[in-house]
Amino acid sequence: MARRSAESLPWSLFGAGGFMVAFFFPIHILLFGILIPLGLIAAPTHTGMLALVNHPLTRLYLFGFCALGLLHAAHRLRFTLSDMLRLKHLDTLLGVLAYGAALVGVAVTIDLLI
Amino acid sequence: MADKITLEVARYSPEQDGEPRFDRYEVPLIENWMVLDALNYIKDQLDGTVTFRWSCRMGICGSCGMVVNGHERLTCETLLADYLPGPIRVEPLRHFPVMRDLVVDLSDFMEKLERVKPWIIRQPGAPEPSREFIQTPEQLAEYKQYSLCINCVLCYSACPVYGLDPHFIGPAASALSLRYNLDSRDQGAEQRLDVMAQHDGVWDCTVIGECSVVCPKHVDPSLAIQEYKISATKAWFKNLLMPGGGK
Amino acid sequence: MPSAVPRYRPYERRMPLLWWLQRWNYTWFILRELSSAFVAWWVVVTLIQIASILEGPQAYAAFQAWMAQPLLIIVNIVSFIFILFHTLSWFRLVPQAMLPRIGGKRTSAVMTGAPMYVVWAVASVVVACFALGVF
């Protein structure tokens, strides 16, 4: 009998990241990517943003935002590429590349926030 | 209303053809005739060599599944008149090897179906019941939806993941496997999870969801697969925190 | 299980390269999955944003000028559409699988999806208030 797969680990991170993206990404993009750059909303001051980012709870939130977002994206990109481009035979390589890039991103996030 | 409609039927002879071709047949457009009735008319009146599977003509045996104008259908419940003015293109189900014309080789599905143990499992040594098992309507409702699967394999034909990787356990087998896990009489959930949580189990599914769309019995195999992923993940973390403790 | 080598030669088919253009549902699926690229993009933007805030007022101003370029605004509008697509499909598909039954009864996608919209709205308002200095 073959063993149960360890696929549970990346899949659960993908799932957690899916909720993070669904709940929190739209408002971030809407504010910082569209409304503020278009000048429809006044940009928050640097002093205010710095105070916000320096709060430990904000840092925890931003870590979750970036790390879960990256792990979610990595897992989904791995399957999207293998489905869309018929690359099932390269699954291991795609996994190494996708999760590897995500882990590098997580390391950068930790470096930035600690 | 027209009185005739044209069918373009995929033909493949394993002894002669390198690849399939389409033969055109004109059949009478009779109200309430299904695509299967038209195929039977062709076989009886026009060309006796056209080969296809069918049995019950009432959507329960699951043998007349084909691809009609690009979509998986049970041909016994697909009205000719819905495709006016035609032509209607009839092809064998996708992904499975074509044995002849509209008949596909289902060996792979049969092997998978057996692998997921779609029957009541009692633990060895479990006390023999002194009478028949009683099930409440609530207990029946738990699995009823999944039990309606008729093994017509339209879902496998609609599943690109199965087409890309034939090792994937696939929709119907997953739904039927979960059907027995949800049965109050069953004790085999662990054994089935052993099969479903393997690399070739449920993990390749990317929730395209077309399996649930084409199912003529309104079974939701896509949901069954996600439920299995969650069960497998719970068990995996439990085993990580308490190695061997779950058994 | 096939017991003997078949005497016939079955016709084996392969998925066409552009299989995801065959049906709308397949195309929607690929578009939904491609939202992941925009998720990755937006994490990169957020990391640059954090770094610029931590670096100082000048870097923060440079970040804002960079974001105000028309090309980036277009990219971000496209990102927003893809992420919305992710959110809506996620609420439709995922909570039901996580909560297949509540109080012993099988749930429906509507039943489990609806509370997600409430959480989403609250989360968005809270983030906006903090970001815009309302709190």
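Residues numbered from 1 in each chain as written. Chains lettered and ligands numbered in written order. Predicted model: local features only at pLDDT ≥ 70, side-chain atom pairs only at ≥ 80, totals over all residues. Heavy atoms only, no water.

## Some details on the interface of chain C and chain B
As a measure of interface size, the accessible area lost when the parts come together is often cited.
Here is step 1: Taken together, the contacts link 25 residues of chain C with 41 residues of chain B.
Here is step 2: Counting each side, the surface lost to burial between chain C and chain B is near 2,700 Å², with a carbon and sulfur contribution of 53%.
Here is step 3: Ranking the residues of chain C by area buried against chain B places Tyr 11, Arg 13 and Arg 23 of chain C at the top, with a combined share of 27%.
Here is step 4: At the boundary of chain C with chain B, the tally comes to 2 salt bridges.
Here is step 5: Those elements giving two or more residues to the side of chain C that touches chain B turn out to be helix 1 (24–55) and helix 3 (70–98) of chain C.
Here is step 6: Ranked by residues supplied to the side of chain C that touches chain B, first place goes to helix 1 of chain C with 5 residues.
Here is step 7: In the side of chain C that touches chain B, the residues fall into 13 nonpolar, 4 polar and 8 charged. (Contact = heavy atoms within 4.5 Å. Buried area = accessible area lost by both parts, 1.4 Å probe. Salt bridge = Lys/Arg side-chain N within 4 Å of Asp/Glu carboxyl O. Helix = DSSP H or I, 4+ residues; strand = E, 2+ residues; numbered from the N terminus. Nonpolar A, V, L, I, M, F, W, Y, C, P; charged D, E, K, R; others polar.)

## As for the sheet that holds strand 1 (residues 4–11) of chain B
Residue and element names in this part refer to chain B.
Here is step 1: Read across the sheet, 5 strands follow the order 2-1-5-3-4 without closing on themselves; strand pairing throughout is mixed. Either end of the sheet is taken by a strand with one partner, and the two such strands are strand 2 (21–28) and strand 4 (71–74). Going from strand to strand, the sheet's axes swing by 35 degrees on average, the running direction of each strand aside.
Here is step 2: With 3 bridges connecting them, strand 1 and strand 5 (residues 88–91) associate as parallel partners. Within strand 5, the residue paired with Glu 8 across the bridge is Arg 89. (Pairing = 2+ DSSP bridges. Axes fitted to C-alpha atoms, helices over the stretch in contact; angles between N-to-C directions.)

## Concerning the packing of helix 1 (residues 8–35) of chain A against helix 3 of chain C
Here is step 1: In contact at an axis separation of 8 Å, helix 1 of chain A and helix 3 of chain C are set at 150 degrees when each is read in the N-to-C sense. Considering their axes alone, helix 1 of chain A and helix 3 of chain C lie roughly antiparallel with respect to each other. Crossing handedness for the pair helix 1 of chain A and helix 3 of chain C: left-handed.
Here is step 2: Residues of the contact of helix 1 of chain A with helix 3 of chain C, tallied by class, amount to 19 nonpolar, 7 polar and no charged. (Parallel < 35°, antiparallel > 145°, perpendicular 65-115°, else oblique. Left-handed = near helix turned anticlockwise from the far one by under 90°.)

The values are spatial; any link to function lies outside them.
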